[in-house]
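Residue strings, one per chain:
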Amino acid sequence: MALPNIDASKLTKTLTTAPKPVPDSKTLTFGKGFTDHMLCIRYTEDDGWSAPEIKPYGPLEIDPAAFVLNYGVEAFEGMKAFRAADGTVNLFRPEMNMRRLSTSAQRLMLPAFDEEQFLECIKELVRLDERFVPSEYGYSLYIRPNFIGTEPNLNLKYSREALLYVYLSPAGPYFPRTVKLHASTTDARAWPGGVGSFKVGGNYAPALRPAMDCVKAGYDQILWLLGDDHYVTEVGTMNFFIFWTTPEGVRELVTAPLDGIILPGVTRDSLLALARKWGDFAVSERRVTMPELVQALADGRVLEAFGAGTACVVCSVATILYKGVDYQIPVDPADPDAVYGPLTARLRSELLDIQYGKTPSPWTVSI
Ligand SMILES: *Cc1c(COP(=O)(O)O)cnc(C)c1O
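None of these values were measured; they are calculated from a predicted model.

S.K.: How should the UniProt feature "modified residue: N6-(pyridoxal phosphate)lysine" (unreviewed entry) in the protein chain be read in this particular structure?
M.R.: When the UniProt feature table is mapped onto this chain numbering, "modified residue: N6-(pyridoxal phosphate)lysine" (unreviewed entry) sits at K199. Structurally, K199 can be placed in the loop between strand 10 (179-184) and helix 4 (208-216). The residues touching K199, leaving out its near neighbours within four places in the chain, are A75, F76, E77, G78, R100, S104, Y204 and L263.

S.K.: When you look at the domain arrangement of the protein chain in this model, what are you seeing that I'm missing?
M.R.: Partitioning the protein chain into domains gives domain 1 (8-172) and domain 2 (179-355). Placing the centre of domain 1 and that of domain 2 at their C-alpha centroids yields a distance of 29 Å. Taken together, the contact between domain 1 and domain 2 spans 20 residues of the former and 21 residues of the latter. Approximately 1800 Å² of surface area, both sides summed, lies buried where domain 1 meets domain 2, with 63% of it carried by carbon and sulfur atoms. In terms of surface lost to domain 2, no three residues of domain 1 exceed F76, F92 and R100, which account for 33% of the buried area on that side. At the surface where domain 1 touches domain 2, the tally comes to one salt bridge. D269 is the salt-bridge partner of R93, the closest N and O atoms lying 2.8 Å from each other. Our count for the contact surface shared by domain 1 and domain 2 stands at nine residue pairs in polar contact (both at pLDDT 80 or more). Those elements that place two or more of their residues in the side of domain 1 that touches domain 2 are strand 5 (74-76), strand 6 (79-83) and helix 2 (94-107). By residue number, the principal contributor to the side of domain 1 that touches domain 2 is helix 2, which donates six residues. Its residues assigned to classes, the side of domain 1 that touches domain 2 comprises ten nonpolar, four polar and six charged.

Reading guide: rules and limits
Residues numbered from 1 in each chain as written. Predicted model: local features only at pLDDT ≥ 70, side-chain atom pairs only at ≥ 80, totals over all residues. Heavy atoms only, no water. UniProt positions renumbered as here; feature names shortened; annotations may be inferred. Helix = DSSP H or I, 4+ residues; strand = E, 2+ residues; numbered from the N terminus. Contact = heavy atoms within 4.5 Å. Domains from an automatic or database assignment. Buried area = accessible area lost by both parts, 1.4 Å probe. Salt bridge = Lys/Arg side-chain N within 4 Å of Asp/Glu carboxyl O. Polar contact = N/O pair within 3.5 Å; in protein donor to acceptor, adjacent residues only side chain to side chain. Nonpolar A, V, L, I, M, F, W, Y, C, P; charged D, E, K, R; others polar.

Here's what the structure looks like:
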């Protein structure tokens, strides 16, 4: 007989006895301060998935010898709940996050789970802590699912026990400004045969030191390059887009392909779909190298460059340091103070209008 999978109808709730005040929206940043409750679902190889539990937000109890603490068996997701003008709360393409978490889990030998039932449990958690979903445009409730291997066993096979849990953090708008990137020629984030396309914790810890060195040098984030030809892959937690005119004279929005190196962003996929629907210019997923970008800048063919991810939506890139030279990228030639280029701004507002329910879309999933 098949072992039990996640079953949202078996969800139990233990409510907090000490509800937190909803933080003043003006104080909200990103990633700090959590709501009243969290969702926990345990798995063991012998018994399958246990009944999902919602309980007060608080420390987890984990064996010191747990797999995750020794070997970094951890995958995560990042998604948001948005409040529409009429007060309803929506998720944005959450099934893509469920799929990606499954894919990441598979890569780490974490167990398979029922994506729809897990999403139902997440919706229930958001419904319960709904008062923490800010109502201001640009604000949201960030949802962080974590999936960890918890078996206490130093034997490096795979974790026969796991914990899937979710907590929520009210988030303010990303401060709108342009960013400066350092195109690193010494450090790599991902490589062929590696795990760059999975949202697993092991990809992020080794990136911290190069990223902090880059901040010390006055840049915001690293633009990760790969290989001797300096293929432009992506930024710390953002996919990278260039809007330019190709040497053949074609106006093109281009981003790295899903070649196993970059993280398949939900924002990336959504922006590509929007731009393809407009049909105003070519939209390509293909490899671009740093020397090609430098040549295009020298020729005056680059129109805009931006990063894209759930946290910031889009973020215009104004400077790229490469081999000791600061290359300036145009933002908006018509407005020296602009923080978004014209195309970047258009993509941003179309996406936000969908996320905040102004534009009806099949991507919107009501809780
Ligand atoms: C999460 C992430 C992104 C963006 O993905 P979204 O689904 O759009 O939020 C891009 N790159 C990396 C490395 C990431 O971890």
